[in-house]
Amino acid sequence: MKPRAVWFVAGSAVGVYASAKARRAAYRVSMPGLIDQAAALGTGWRAFADEVRDGMSTAESRIADQITPPRPSLEAPAADQSAADRPELTDERDHP
């Protein structure tokens, strides 16, 4: 008697599984299912395009940082710098 119960439960489980798969397949080929799939495709495409755009801008900024020379500092020299620390500026007229 036990083998019959096991086969009955197994058959019922397979039937429920097949029924759910058939219902999903039928929804996918119906008009609302196709509309949902198209909307999901559009959303996925936009997300992919955003990721590509972000990656491109990151790569562009990294490459630009590598090829552009550093800009000189525009900060004023320190006020506590003594005259001995500053380089001596010579006048060109002093040299023959």
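Position labels on residues start from 1 in each chain and follow its written sequence. Thresholds applied to this predicted model are a pLDDT of at least 70 for local features of residues and 80 or more for the giving and counting of side-chain atom pairs; totals over whole chains, interfaces and linings are not thresholded and use all residues. Values reported for side chains reflect all heavy atoms of the structure, with hydrogen atoms and water molecules removed beforehand.

Draft legend 1. Broad picture of the overall build of the protein chain. Comment: elements are numbered from the N terminus, with helices defined as DSSP H or I runs of at least four residues and strands as E runs of at least two. Broken down by element type, the protein chain carries 2 helices and 0 strands. Residue burial in the protein chain is summarised as follows: out of 96 residues, 1% are buried. Here the accessible surface of atoms and residues is derived via Shrake-Rupley with a 1.4 Å probe, and residues count as covered only by protein chains that are part of the display. Just so you have it, the protein chain exposes about 9,400 Å², and 64% of that area is on carbon and sulfur atoms. The rule is simple: take the accessible area with a 1.4 Å probe, protein chains only, and divide by the maximum for that residue type; under 20% is buried, over 50% is exposed, in between is partly exposed.

Draft legend 2. Just the packing of aromatic side chains, in detail. Centres within 6.5 Å are what make two rings of Phe, Tyr or Trp a pair, Trp counting through its six-membered ring; a difference in plane orientation under 30 degrees is then read as stacked, over 60 as edge-to-face, and the rest as tilted. A complete count under the given rule lists 1 aromatic pair for this structure. Geometrically, the ring pair formed by W45 and F48 is tilted, given 5.9 Å between the ring centres and 45 degrees between the ring planes. Taken as a pair, W45 and F48 lie in helix α2 (residues 31-67) at a separation of 3 residues, close to a single helical turn. Among the residues examined, F48 registers a relative accessible area of 49% and is labelled partly exposed.

Draft legend 3. A look at a nonpolar patch on the surface. Patch membership requires more than 30% relative accessible area and the absence of a salt bridge. Residues of like charge join within 9 Å; the nonpolar side chains Val, Leu, Ile, Met, Phe, Trp and Tyr join within 5 Å. By salt bridge we mean one thing: a side-chain nitrogen of Lys or Arg within 4 Å of a carboxyl oxygen of Asp or Glu. Where nonpolar side chains cluster on the molecular surface, the patch consists of W45, F48, V52 and M56 and spans about 450 Å² of accessible area. A relative accessible area of 59% places W45 in the exposed class.

Draft legend 4. Molecular detail of the pattern of salt bridges. Scanning all chains against the criterion turns up 1 salt bridge. Put simply, R53 and D50 hold a salt bridge, and the shortest N to O gap is 2.8 Å. Here the residue R53 and the residue D50 both occupy positions in helix α2, the gap between them amounting to 3 residues, near one helical turn. Owing to a relative accessible area of 38%, D50 belongs among the partly exposed residues under this scheme.

Draft legend 5. Representation of a positive patch on the surface in the model. Charged residues are defined here as Lys and Arg on the positive side and Asp and Glu on the negative side; His and the ends of the chain fall outside this count. The location of each charge is read from NZ of Lys, CZ of Arg, CG of Asp or CD of Glu. A cluster of basic side chains, namely K21, R23, R24 and R28, defines a positive patch on the protein surface. Summarising the element assignment, K21 is placed in helix α1 (residues 2-28). Residue class for K21 comes out partly exposed when judged on its relative accessible area of 39%.

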